[in-house]
Amino acid sequence: MTAPLRLGTRGSALAMAQSGHVAAALTAATGRPVELIEIVTAGDRSSAPVHRLGVGVFVSALRDALTAGEIDLAVHSYKDLPTAEPGGLHIAAVPPRQDPRDALVARDGRTLAELPVGATVGTGALRRVAQLHALGMQLTVVPIRGNVDTRLSRVLGPDADLDAVVLARAGLARLGRTDEITETLDPMLMLPAPAQGALAVECRAGDSDLVELLAVLDHAPSRAAVTAERAFLATLEAGCSAPVAAYAEVAEGDDGDEIYLRGAVISPDGTRDIRLSRTGTPADAAEIGKALAAELLARGADSILGQPDHAGPGTQQFGSTE
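What counts and what doesn't
Residues numbered from 1 in each chain as written. Predicted model: local features only at pLDDT ≥ 70, side-chain atom pairs only at ≥ 80, totals over all residues. Heavy atoms only, no water. Axes fitted to C-alpha atoms, helices over the stretch in contact; angles between N-to-C directions. Helix = DSSP H or I, 4+ residues; strand = E, 2+ residues; numbered from the N terminus. Left-handed = near helix turned anticlockwise from the far one by under 90°. Contact = heavy atoms within 4.5 Å. Nonpolar A, V, L, I, M, F, W, Y, C, P; charged D, E, K, R; others polar. Core = buried A, V, L, I, M, F, W, Y, C linked by side-chain atoms within 4.5 Å. Buried < 20%, exposed > 50% of the residue type's maximum accessible area, 1.4 Å probe, protein only. Expected span 1.5 Å × (residues − 1). Arc of directions from axis to C-beta. Pairing = 2+ DSSP bridges. Right-handed = clockwise from strand over helix to strand, strands pointing away.

Trainee: Would you take a moment to explain the packing of helix H8 (residues 220–235) against helix H9 (residues 285–298) for this structure?
Mentor: The geometry of a pair of packed helices is captured by two quantities: the angle between their axes and the separation between those axes. Between H8 and H9, the shortest axis-to-axis distance is 7 Å and the interhelical angle comes to 35 degrees. Considering how the two elements wind past one another, H8 and H9 form a crossing that is right-handed. Residues Ala-224, Thr-227, Ala-228, Ala-231, Phe-232 and Thr-235 of H8 lie in contact with H9, whose contacting residues are Ala-285, Ala-286, Gly-289, Lys-290, Leu-292, Ala-293, Leu-296 and Leu-297. Each residue belonging to the contact of H8 with H9 can be placed in one class, and the counts come to 10 nonpolar, 3 polar and 1 charged.

Quick look at the structure:
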């Protein structure tokens, strides 16, 4: 009997759900059994704010296990991956992407517009902090860490201490928790993080048979969108926790499929932002991302990215909140 493929994953409920979905899809498509192997990352052991942990903190232990041959493949939330390509490893598949938008979960079923002045809104992402401030609604943004259940309990639990939290809609969908969303946020209000909602299935580049096997899970439109967004991020030389947002959509145009990329850089206090867009073909996804980033840099995006990571007077100080 063929030995099960060893799939490395973080141990959170969301990571296990994501990896379980990939494992099931791979077995259904190829007949190959898959075993989940839990790997603890540095990010899982730390209670520091996400934006202070450094790039790749949720990824390096999985990649070390891959390189050491302890696992055969790994599943990552693509937005957690550093933009620099690691030697000897290969993203063999980008499965169909979940809805990349952000979602609001608020008390009493409120939408963002219904939150009162001074309402406390929790998020762990500097990108979301910046865009919440940019709305000019005088909200009090509270830094939070923890898994999805921990974050939701800050609003919905018996000891709730926040008026709302903002999370990735994709994570709630993968956990079957979309009924708790009070508003899916329009990208015009809250542009997602590059690669949000997408998964990356990674293996050793030299495992040619496995590379070929995993290709069955690849979804070309999702890969093109993520490629554009991450090329945008890499050209800005910004990490996954920077106040940078990007959202690419692939749709049918007059002359075939087109890709439409929106990108933004927002100051942490929300007082400055630069937002631009660009279109092209999926085959040119990386070049579209690079070109859009170059346009933002020409308009002064580097001066925003160079600002301190304080989040303005309406934000509580970032500390250990888990």
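Trainee: Where do I start with the environment of Pro-82 in this structure?
Mentor: Checked against the element boundaries, Pro-82 lands in the loop between strand E3 (73–77) and strand E4 (89–93). C-alpha of Pro-82 to C-alpha of Arg-230: the two residues are 148 residues apart in sequence and 9.3 Å apart in space.

Trainee: Would you take a moment to explain the side chain of His-76 for this structure?
Mentor: Of note, His-76 is situated in strand E3. Sequence-distant contacts of His-76, defined by excluding residues within four places in its chain, comprise Val-59, Leu-62, Arg-63, Leu-81, Ala-198, Leu-199, Ala-200 and Glu-202.

Trainee: In this structure, what is going on with the nonpolar core? I would like to understand it.
Mentor: Nonpolar side chains in soluble globular proteins tend to be buried together. Residues Phe-232, Val-244, Ile-259, Leu-261, Val-265 and Leu-296 are the most contacted members of the largest nonpolar core, which totals 22 residues. The next biggest cluster of nonpolar side chains, apart from the first, holds 16 residues, and it includes Leu-26, Val-34, Leu-73 and Leu-199.

Trainee: Whenever I open this one, helix H1 (residues 13–30) confuses me. Can you help?
Mentor: Residues separated by three or four positions in an α-helix point in the same direction, a consequence of the helix having 3.6 residues per turn. Taking 1.5 Å of rise per residue, the 18 residues of H1 would be expected to cover 26 Å, and the 25 Å separating its terminal C-alpha atoms lies within 8% of that figure. Turning to H1, its buried residues are Ala-15, Gln-18, Ser-19, Val-22, Ala-23 and Leu-26. Taken down its axis, H1 places every buried residue within 135 degrees of arc, on the same side. Exposed residues pointing more than 90 degrees away from the buried face of H1 are listed as His-21 and Ala-28. For H1, the elements touching its buried residues are strand E1 (5–9), strand E2 (34–38), E3, helix H6 (169–174), strand E10 (199–204) and helix H7 (208–214). Taken from the residues just after H1, Gly-31 is the one with a positive phi, measuring 80 degrees.

Trainee: Explanation requested: the sheet that holds strand E11 (residues 244–253) in the structure shown.
Mentor: Strand order in the open sheet made by the 3 strands is E11-E12-E13, with antiparallel pairing throughout. Every other strand in the sheet has two partners, leaving E11 and strand E13 (273–280) as the edge strands with one partner each. When the angles between neighbouring strand axes are averaged without regard to direction, this sheet yields 15 degrees. Here E11 runs beside strand E12 (residues 256–266); their pairing, made up of 10 bridges, is antiparallel. Each residue of the ladder has a partner; that of Tyr-247, found in E12, is Arg-262. Contacting E11 and E12, H8 crosses the sheet at an angle of about 145 degrees to E11.

Trainee: Looking at this structure, how should I read the pairing of strand E6 (residues 120–123)?
Mentor: Successive residues of a regular strand alternate their side chains across the two faces of the sheet. Burial of the side chains of E6 extends over both faces: Thr-120 and Gly-122 are buried on one face and Val-121 and Thr-123 on the other. Sheet analysis places E6 next to strand E7 (residues 140–143), joined by 4 bridges and oriented parallel. Its bridge partner being in E7, Gly-122 is matched across the sheet by Val-142. Crossover connection from E6 via helix H4 (residues 126–134) to parallel E7: handedness right-handed. Of the strand pairs in this sheet, E6 and strand E8 (residues 164–168) are connected by 2 bridges, and their pairing is parallel. Following the sheet pairing, Val-121 is matched in E8 by Ala-164.

Trainee: Got a minute to help me understand unusual backbone geometry in this structure?
Mentor: Leaving glycine aside, a negative phi is the common case for residues, and trans is the common case for peptide bonds. In this structure, Gln-138 is a non-glycine residue whose phi angle is positive, near 60 degrees. Following the sequence through the fold, Gln-138 ends up in the loop between H4 and E7. A relative accessible area of 59% means that Gln-138 is categorised as exposed.

All quantities given are derived from atomic positions and should not be read as evidence of function.
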